[in-house]
Amino acid sequence: MSLEDALYPLLKLYEAAPQPVKSLAGRAYRAIPASLRYGQSYSRFQNEAREVESWSVEQIRHYQIKALHESLIAASKAPYYAERFAARGVDPAKFESLEQLTDYPLLTKQDLILHREQMVNPEFDANQRLYITTGGSSGVPVGFYLHKGVSRPKEQAYLEAQWSRRGYRVGDRVAVIRGGVTSSKARGGISYFDATRNWLILSSYHLTLERLSEYIAALNKFQPQHLHAYPSAALMLARGLEQTGSKLDFALTSVLCGSEKLTRESQSYLEQVFGARVFHWYGHSERVVLAAQGRRSNHLYFWPTYGFVEFGEPDADGHCEVIGTSFHNHVMPLIRYRTGDFVKLAQQ
């Protein structure tokens, strides 16, 4: 297990601590080598994310067949999947081509809500599972289990790899505006310093024209190299700067925007206001598939080694649902999971 996963239950306690305590604990934690913080899997996924961009189609296909086979075998140990696989007459032991995946049943969020505990691989002890819930943006939070020492280190490695396409380096100063609550008081502080990552966490809830000067002062004092924000929060800050004629007195290397849709027009606007390249990506709490803009293209590309992606039938507007099968989470694999998210495929 990684130290990161072991300490995860204490995260809310850390966030609620006074700033001097956070700073002291955070700096001590950051001094620990990454191999200990994130575990042995972290370096494996770092190498994988770095190398896959040069792989051949055949190498990628071979990797995906092997990873899918492992996920299907792990899933078949769980009562829920075992019953459904038997009903469809499929045998994971005989899985040997990507085309065979369509023989397996689809999984919905409702299935996950109703049958979560029956979807757990009993070959793993409870201490190897990490319980997580989605934010509930669709109305009802969804709970599921991640594989301790694997799922979160993998996510970290892939995020760092894709952010590097816009100049990010591990240890860079990052200002974050992604919904973090910094104070329960209406006129409370708008930020705190997360020394574990060298990040300044700013509240998106207090980001108004009335308090814009506080955000500018905090950003100018911290001098971040990257702004990591919900697209909506980045747009609020950009419009506030324009409306008030205010300026940041430092140069950003990149604006990292995830978790929400970002249009071409909005991306262009953000790049104009901040004078830095914007990087957009798609992911979700379930950590089934991950997509990000390319090094030279603003199209989103799914990582072929992160999870396996399929697309549903296009609707009247040409949008297809993202359907994903997770790799590496053998505690609770998600097989052909209907994400409820839709994309429009680019013309080849």
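That block above? That's the structure.
From a predicted model like this one, the values you see are computed outputs, not experimental measurements.

Novice: Quick question: what am I supposed to make of helix α7 (residues 79-88) here?
Specialist: What sets the pattern is the α-helix's 3.6 residues per turn: residues three or four places apart point alike. Listing the buried residues of α7 in full gives Y80, Y81 and F85. Buried residues along α7 cover an arc of 115° about the axis, so they all sit on one side. Every exposed residue of α7 that faces more than 90 degrees away from the buried side is listed here: P79, E83, A86 and A87. Among the residues trailing α7, G89 stands out with phi positive, at a value near 70°.

Novice: What is the right way to read the pattern of salt bridges from this model?
Specialist: Close approach of charged atoms allows side chains with opposite charge to pair. The final tally for this structure, using the stated rule, is 14 salt bridges. One salt bridge in this structure joins E70 and K66, with 2.7 Å as the shortest N-O distance. Of this pair, E70 and K66 both sit in helix α6 (residues 57-76), four residues apart, roughly one helical turn. The class for K66 is partly exposed, based on a relative accessible area of 48%. Here R116 ties to E117 by a salt bridge, and the two come within 2.9 Å at their closest N and O atoms.

Novice: Whenever I open this one, helix α9 (residues 151-163) confuses me. Can you help?
Specialist: The end-to-end C-alpha distance of α9, which contains 13 residues, comes to 18 Å, matching closely the 18 Å that a straight helix rising 1.5 Å per residue would cover. Within α9, 12 of the 13 residues are buried, which leaves the element mostly enclosed by the surrounding structure. Taken residue by residue, α9 has S151, R152, P153, K154, E155, A157, Y158, L159, E160, A161, Q162 and W163 as its buried positions.

Cut-off values and rules
- Residues numbered from 1 in each chain as written.
- Predicted model: local features only at pLDDT ≥ 70, side-chain atom pairs only at ≥ 80, totals over all residues.
- Heavy atoms only, no water.
- Buried < 20%, exposed > 50% of the residue type's maximum accessible area, 1.4 Å probe, protein only.
- Helix = DSSP H or I, 4+ residues; strand = E, 2+ residues; numbered from the N terminus.
- Arc of directions from axis to C-beta.
- Salt bridge = Lys/Arg side-chain N within 4 Å of Asp/Glu carboxyl O.
- Expected span 1.5 Å × (residues − 1).

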